[in-house]
Protein chains: 4
Amino acid sequence: MAVVGAGRVGSAVANALVLLRVCDRVVIYDRDLALAEGEAWDIADTVPLLSEMEVTPAAGYADLGGCDVVVVTAGVTLGPGQSRLDLLGANADTIAGIVGELDRVCPGAVVVLVTNPVDVLTRIAIETSARPAHLILGCGTVLDGARLRQRLGELLDVERESVHAYVVGEHGDSSFPVWSSATVGAIRLEQFGLPEGRSWPQVKAELAAVTRQRGMSIHERKGFTSYGVAAAVARIVRAVARDEKRIFMVSVLAAKEYGIGPVVLGLPCVIGAAGVDRQLPLAMSAEEHQMLQHSAAILERAYQSLTAGSETAPGRRGG
Amino acid sequence: MAVVGAGRVGSAVANALVLLRVCDRVVIYDRDLALAEGEAWDIADTVPLLSEMEVTPAAGYADLGGCDVVVVTAGVTLGPGQSRLDLLGANADTIAGIVGELDRVCPGAVVVLVTNPVDVLTRIAIETSARPAHLILGCGTVLDGARLRQRLGELLDVERESVHAYVVGEHGDSSFPVWSSATVGAIRLEQFGLPEGRSWPQVKAELAAVTRQRGMSIHERKGFTSYGVAAAVARIVRAVARDEKRIFMVSVLAAKEYGIGPVVLGLPCVIGAAGVDRQLPLAMSAEEHQMLQHSAAILERAYQSLTAGSETAPGRRGG
Amino acid sequence: MAVVGAGRVGSAVANALVLLRVCDRVVIYDRDLALAEGEAWDIADTVPLLSEMEVTPAAGYADLGGCDVVVVTAGVTLGPGQSRLDLLGANADTIAGIVGELDRVCPGAVVVLVTNPVDVLTRIAIETSARPAHLILGCGTVLDGARLRQRLGELLDVERESVHAYVVGEHGDSSFPVWSSATVGAIRLEQFGLPEGRSWPQVKAELAAVTRQRGMSIHERKGFTSYGVAAAVARIVRAVARDEKRIFMVSVLAAKEYGIGPVVLGLPCVIGAAGVDRQLPLAMSAEEHQMLQHSAAILERAYQSLTAGSETAPGRRGG
Amino acid sequence: MAVVGAGRVGSAVANALVLLRVCDRVVIYDRDLALAEGEAWDIADTVPLLSEMEVTPAAGYADLGGCDVVVVTAGVTLGPGQSRLDLLGANADTIAGIVGELDRVCPGAVVVLVTNPVDVLTRIAIETSARPAHLILGCGTVLDGARLRQRLGELLDVERESVHAYVVGEHGDSSFPVWSSATVGAIRLEQFGLPEGRSWPQVKAELAAVTRQRGMSIHERKGFTSYGVAAAVARIVRAVARDEKRIFMVSVLAAKEYGIGPVVLGLPCVIGAAGVDRQLPLAMSAEEHQMLQHSAAILERAYQSLTAGSETAPGRRGG
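Residues numbered from 1 in each chain as written. Chains lettered and ligands numbered in written order. Predicted model: local features only at pLDDT ≥ 70, side-chain atom pairs only at ≥ 80, totals over all residues.

S.K.: Explain the overall build of chain A to me, and be specific about the residues and the numbers.
M.R.: A tally of regular secondary structure across chain A gives eight helices and 14 strands. Computed over its C-alpha atoms, the radius of gyration of chain A comes to 19 Å, within 12% of the 20 Å expected for a compact globule of 319 residues. Expressed as a percentage of its 319 residues, the buried residues of chain A come to 60%. Taking the intrachain contacts of chain A between residues at least 6 apart in sequence as the baseline, contacts between residues at least 24 apart amount to 71%. (Helix = DSSP H or I, 4+ residues; strand = E, 2+ residues; numbered from the N terminus. Rg over C-alpha atoms; globule rule 2.2 N^0.38 Å. Buried ≥ 20, exposed ≤ 12 C-beta atoms within 10 Å, placed from the backbone. Contact = placed C-beta atoms within 7 Å.)

Laid out in structure tokens, this is it:
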């Protein structure tokens, strides 16, 4: 297993892989070797207290040679006065460069993208990489969906693992829950009684909003997010490493059935050793399908802005 | 945590509670103290290799005083030439006697019944116990449902935790899967593609049959069942011990909405520290509802045969 | 991973491997295929409630082909009126036969012997097998040592993982604790304060006796032992499967340094993917060395009695 | 469970408690409420992917009321141009203030100090707190010892859990391994064969140096340490929460037997629900005892410099 980028998110991902014992060996790569060393050694120090694992810094991409899964967290993060587009431009080059290196040293590995904007960057990675598309996926709306299920479980007083509700679309402001297919156990969501004084339309609106704003609320308070996304990535990586065939809402090239063109965004997929084992056909209401088209349009526009020839600033590490 | 009955099922339950680290302390009670000692000590020997727990034999019911959950496995099992009704008669007395003792020493504990026929005996326990009905539940169709999900997961090549399909009714020949509400992830079961050459009607019939016959197939081969039911019970006990609010198909007094009278059988419930936290309203197709009525009728007849005054043979330990 | 023999111990070992998630796949072989099926299916039923594993019966030895570790539990167990020697004779043939089959189908697997008398049978297996000696080991005094550490931990009120005391020698009446090298943490055992009124000579005698008699106490009460030995075996198997290089007191051909000839008995070894990675040189007091010689002499005599040409009864399954 | 201080170390500790499932509930307190919120929410986002836990920010000390264990990480960390003494002065006031608040809201909780210099600050905490001394401990040389065992295990090719070697003294430059009592399994360290070309004097010197410099090596590379110390603290907290009676080298008031006066430094203690359940008497060689005296003298001098009346700078958050 390898993590590219030893910034806040990259190191948090490596740490989560160790604490959750997802794998036996984690390699951390960063252009700044000393930083990769510092993080690898700090995390390696947790190992003697816990389990038998190995955490090592990589001196170069060649050290990622034997890896089955590579998590990419490198790239700039939003700074003051920077527009989202600057971010995209800079990171697109960074990601394309990294993917090129990975194609060289581990052409059969599953690549999990975390760098934002994750959906567009996953599309870039798929287009520039020589490896088959199913080996590339972004962390999509996995965390958004987890947040939604958590809140629904609390509200309905039922274990959140029994709550099956998906958040799909852009990992960003245009994501939305697919309420029409949500169930608890095998029971339709709306057959569930709500606490007195609450109604489903109100609850749905509230939960959709809270889920969408959560990341920003954290960003405003601590300046970045790291632990939550790291656990989400660790969960995806485990599904790949153990060939779990588990369903996640990863950033994936939308299936033709959705009728939204060749855009990459969060949709339900079966994740296993092959990366995206396959997409699952998610039925949506007319309203939901409109929201999906809206989300796709936003991502398409961002992608087109890129290829329209933006001059990109030189990338640097981040999360 | 306590287990009443140190037969094959009782000892397997205690062993599973230890290996799965469900609790810190297991007390094993049996009328035959030496047997309780033998099993408790044998299981206690696994502890030093694993975790910090305590496993002790109980010299009498008084030793079950502090227990939050009591699993009841005592009773006779099917012997040659014995009819099912003999079994019911003998075990009904045994269970009523045990429940009386438990009412005395741990009136607030959740009682989980495992002895067969579990649905009718759970009804007896509810009627004869002084404790509230929600504190009494049978292991119902938990294992049947787990078997079904496992096979569905294999067939559809998806993690079985993503398969949400319930088996309800009698823990026995009249149980049935509620196909109409089955989902995979949040996707309707029938929207799932099947392997070439298979059709849903055929698959459903096959899986229902295999699930129903599984216990008997094992019984024919090893003479009894123990490990499977023990793991199912350990899973239920964990939900109670950790107040998980997880959904299980336990033996429970059917809610009025089902319109099948005061019969006890496997139906979806939220299980937590209160035992049966609440029942969940499961929508069924007309055909499924007919199957539920059929299952209820069988159990009602068995129950009535009991109260009609069968002379019961003296009970003895079993699983 | 495979288990040969689907009797009480064999099935308990397979069940422990599953509940403790030691491996992904367990194959159960027994000459009685129906029994192997019954146990495999019963244990497989626990899987959907727990984890992603596979448990299957083997139709023949060929199905053990890909296994890295094979646990051998087949053989007769003590019946009424049978002498220990009858047992040895019958089981020696059984084990030699099984080892021959295993040499054919999985010549590189680590073979862990559990059938009693385990030390002599491990010697037979080493002598008759074509595989290198380090790939064959018996479960030795692993369980005895665990029992001792548990009791010492309780007495000294310290976590038993911090107690380092070994029981060595025959897995039987002549085993003994090596008190001279026992430590708690890095502190000599005897520097530890005892509860008021207890003295070390008295405590040592008592603990040695209790440890030695434990198995018999259980046997007298439940007629056999299964859960304790199963957990011990699962722990050894995990060390092999994960190449842990952990120290266990397995049945092994004693190193020359002990000066007791080519006898097999419980001595400290580093266990890893290679089976017995190496033996560790355990310093003993003069008295302890005498006890080791005594234990070795008993085992040598039993071994010689065998080769002296006992007519062996036809073996059958057992634990 | 509560963590005071939401800086890098504090948030890493809270995150480790969640990922390692040490407890059911973590409260994070910081003078900067928004920061506590940001970290608590980010970590809480990992929960839906993992386990049933609760992570909440505390609006004030009153929210720490029900906590059994409080980890204190607040305080300044070394900045450019700052001397170690400035750090001590500032943090001493901060810690005394926090301990006063904790005495008010959770007088029976075990307080685990992490802020550096941890030994002197633990002494301050013990002296200023109204709670019994056994309820206060510093994280001492726990991490140093873990690092040493890890390296010894690698060198000797044996599981590091079988390596029993302690690092004691100041958590800093004067710490040292107590080689005279080190064992592997129950075997004296020096009876262990070393790889060809290595000698014990050379190996010991090397390992002692590497262990001592490890923290600084990380600090030079990533600017601080967080993950390693967080895992060490989580391990200690687990021992308290589960009353494990496990041995750790925590910062504790040295027992009279050591003859080094009332100084606080890393020494072996049994840790359980009572915090420091008791100290263990560690035998040392003459040379080792001299090193202990040296370490104690350094810490005594630092402590005296404080009480000599240093004017302290205003404290602020850090790790």
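Next, the rest of the story.
S.K.: I'd like a description of the relation of the copies chain A and chain D, backed by residues and values.
M.R.: For the pair chain A and chain D, the best superposition has an RMSD of 0.0 Å and corresponds to a rotation of 180 degrees with a translation of 0.0 Å parallel to the axis. Such a turn and shift between the copies fits a two-fold axis. Relative to the rotation axis, the closest C-alpha in chain A is found at A:Leu19, a distance of 3.1 Å. Looking at the interface residues of chain A, 100% of them are also at the interface in chain D, so both copies use one shared face. (Least-squares fit on C-alpha atoms with pLDDT ≥ 70 in both.)

S.K.: Break down the sheet that holds strand E7 (residues 163-164) of chain B for me, with residues and values.
M.R.: Residues and elements named next belong to chain B. Pairing is antiparallel in the open sheet, where three strands are placed in the order E7-E10-E11. In this open sheet, the two edge strands, each paired with only one partner strand, are E7 and strand E11 (187-188). Where strand E10 (residues 183-184) lies against E11, two bridges are found, and the strand directions are antiparallel. The residue bridging Thr183 from the neighbouring strand is Arg188, located in E11. (Pairing = 2+ DSSP bridges.)

S.K.: Break down the relation of the copies chain D and chain C for me, with residues and values.
M.R.: Relative to chain C, chain D is turned by 180 degrees and slid 0.0 Å along the rotation axis, the superposed coordinates differing by an RMSD of 0.0 Å. The share of interface residues of chain D whose copies in chain C are also at the interface is 100%, consistent with both copies meeting through the same surface.

S.K.: Explain the pairing of strand E2 (residues 25-29) of chain C to me, and be specific about the residues and the numbers.
M.R.: All names here are of chain C. For E2, a buried count of four out of five residues is recorded, marking the element as mostly surrounded by other parts of the structure. Relative to E2, strand E1 (residues 2-4) is paired through three bridges, and the arrangement is parallel. Across the sheet, residue Val3 finds its bridge partner in E2, namely Ile28. Bridge analysis of E2 against strand E3 (residues 54-57) gives four bridges, and the strand direction is parallel. If you follow Val27 over to E3, its bridge partner there is Thr56. Remark: the E2/helix H2 (residues 33-44)/E3 crossover connection has right-handed handedness. (Right-handed = clockwise from strand over helix to strand, strands pointing away.)

S.K.: Describe the confidence of the model for chain A, listing the residues and the values that go with them.
M.R.: Residues and elements named next belong to chain A. Per-residue confidence for chain A gives a mean pLDDT of 91; residues scoring 70 or more make up 94%. Counted against residues more than four places away or in other chains, residues 310-319, with its pLDDT under 50, gives 35 contacts. As scored by the predictor, the complex reaches a pTM of 0.91 and an ipTM of 0.90. (pLDDT = per-residue confidence, 0-100.)

S.K.: If you had to explain the interface of chain D and chain C to someone new, which residues and values would you point to?
M.R.: Chain D puts 25 residues into the contact, and the matching count from chain C is 25 residues. Put simply, the parts of the chain that give the side of chain D that touches chain C at least two residues each are strand E12 (246-253) and strand E13 (264-272) of chain D. Residues that form the side of chain D that touches chain C fall into these classes: 14 nonpolar, six polar and five charged. (Nonpolar A, V, L, I, M, F, W, Y, C, P; charged D, E, K, R; others polar.)

S.K.: Could you give an account of the interface of chain A and chain D, with specific residues and numbers?
M.R.: Counting residues at the interface gives 35 residues for chain A and 35 residues for chain D. Elements supplying a minimum of two residues to the side of chain A that touches chain D: helix H1 (8-19), helix H2 (33-44), helix H5 (142-156), helix H6 (200-222) and helix H7 (227-241) of chain A. Per-element tally for the side of chain A that touches chain D: the top contributor is H2(A), with eight residues. Tallied by class, residues from the side of chain A that touches chain D come to 17 nonpolar, eight polar and ten charged.

S.K.: How would you sum up the sheet that holds strand E7 (residues 163-164) of chain C? Please name residues and give values.
M.R.: Taken in spatial order, the three strands of this open sheet run E7-E10-E11 (chain C), and their pairing is antiparallel. Looking at which strands have only one partner, the edges of the open sheet turn out to be E7 and strand E11 (187-188) of chain C.

S.K.: Explain the environment of A:Ala74 residue by residue, including any values.
M.R.: Residue and element names in this part refer to chain A. Structurally, Ala74 is set in the loop between strand E4 (69-72) and helix H3 (84-105). Ala74 sits in the buried class, given 26 other C-beta atoms within 10 Å. Residues Ala74 and Tyr29 lie 45 residues apart in sequence; the distance between their C-alpha atoms is 9.5 Å.

S.K.: Help me get a handle on the nonpolar core, residues and values and all.
M.R.: Judged by nonpolar contacts, the single largest core of 475 residues is most densely connected at A:Val112, B:Val112, C:Val112 and D:Val112. Those residues in contact with C:Val112 that sit more than four places away from it in its chain are C:Val69, C:Val71, C:Val72, C:Leu137, C:Cys139, C:Val233, C:Ile236 and C:Val237. (Core = buried A, V, L, I, M, F, W, Y, C linked by C-beta atoms within 7 Å.)

S.K.: Account for the environment of A:Ala90, with residues named and values stated.
M.R.: Residue and element names in this part refer to chain A. Considering the arrangement of structural elements, one finds Ala90 in helix H3. On the neighbour-count criterion, Ala90 (20 C-beta atoms within 10 Å) is buried. Here the alpha-carbon distance between Ala90 and Ser174, two residues 84 residues apart in the chain, equals 23 Å.

S.K.: An account of unusual backbone geometry is requested, with residue identities and associated values reported.
M.R.: Note the cis peptide between B:Asn116 and B:Pro117, where omega equals -5 degrees. Relative to the assigned elements, B:Pro117 resides in the loop between strand E5 (110-113) and helix H4 (118-128). Look at A:Asp243: it is not a glycine, yet its phi comes out positive at around 50 degrees. Mapped onto the secondary structure, A:Asp243 falls in the loop between H7 and strand E12 (246-253). Its 15 C-beta neighbours within 10 Å are what place A:Asp243 among the partly exposed residues. Phi angles above zero are rare outside glycine, and C:Lys245 is one such case at about 55 degrees. Secondary-structure assignment places C:Lys245 in the loop between helix H7 (227-241) and strand E12 (246-253).

S.K.: A description of the packing of H6(A) against helix H2 (residues 33-44) of chain D should follow, citing residues and the corresponding values.
M.R.: Two numbers describe how H6(A) lies on H2(D): the axes approach to 7 Å, and their chain directions differ by 140 degrees. Accordingly, the angle class assigned to the pair H6(A) and H2(D) is oblique. In terms of crossing hand, the pair formed by H6(A) and H2(D) is left-handed. Contact residues: A:Ser217, A:Ile218, A:Arg221 and A:Lys222 in H6(A); D:Ala34, D:Leu35, D:Glu37, D:Gly38, D:Glu39, D:Trp41 and D:Asp42 in H2(D). In terms of residue class, the contact of H6(A) with H2(D) is built from four nonpolar, two polar and five charged. (Axes fitted to C-alpha atoms, helices over the stretch in contact; angles between N-to-C directions. Parallel < 35°, antiparallel > 145°, perpendicular 65-115°, else oblique. Left-handed = near helix turned anticlockwise from the far one by under 90°.)

S.K.: Which residues make up helix H8 (residues 286-307) of chain D, and what values go with them?
M.R.: Since the α-helix turns once every 3.6 residues, residues separated by three or four places project in the same direction. All names here are of chain D. Compared with the 32 Å implied by 1.5 Å per residue over 22 residues, the 32 Å span of H8 between its first and last C-alpha is a close match. Taken together, the buried positions of H8 are Leu292, Ser295, Ala296, Ile298, Leu299 and Tyr303. Projected down its long axis, H8 carries its buried residues within an arc of 155 degrees, all on one side. Along H8, the residues that are exposed and aim more than 90 degrees away from the buried face are Ala286, Glu287, Gln290, Arg301 and Gln304. Looking at the buried side of H8, the elements it contacts are helix H4 (118-128), strand E8 (167-168) and E13. (Expected span 1.5 Å × (residues − 1). Arc of directions from axis to C-beta.)

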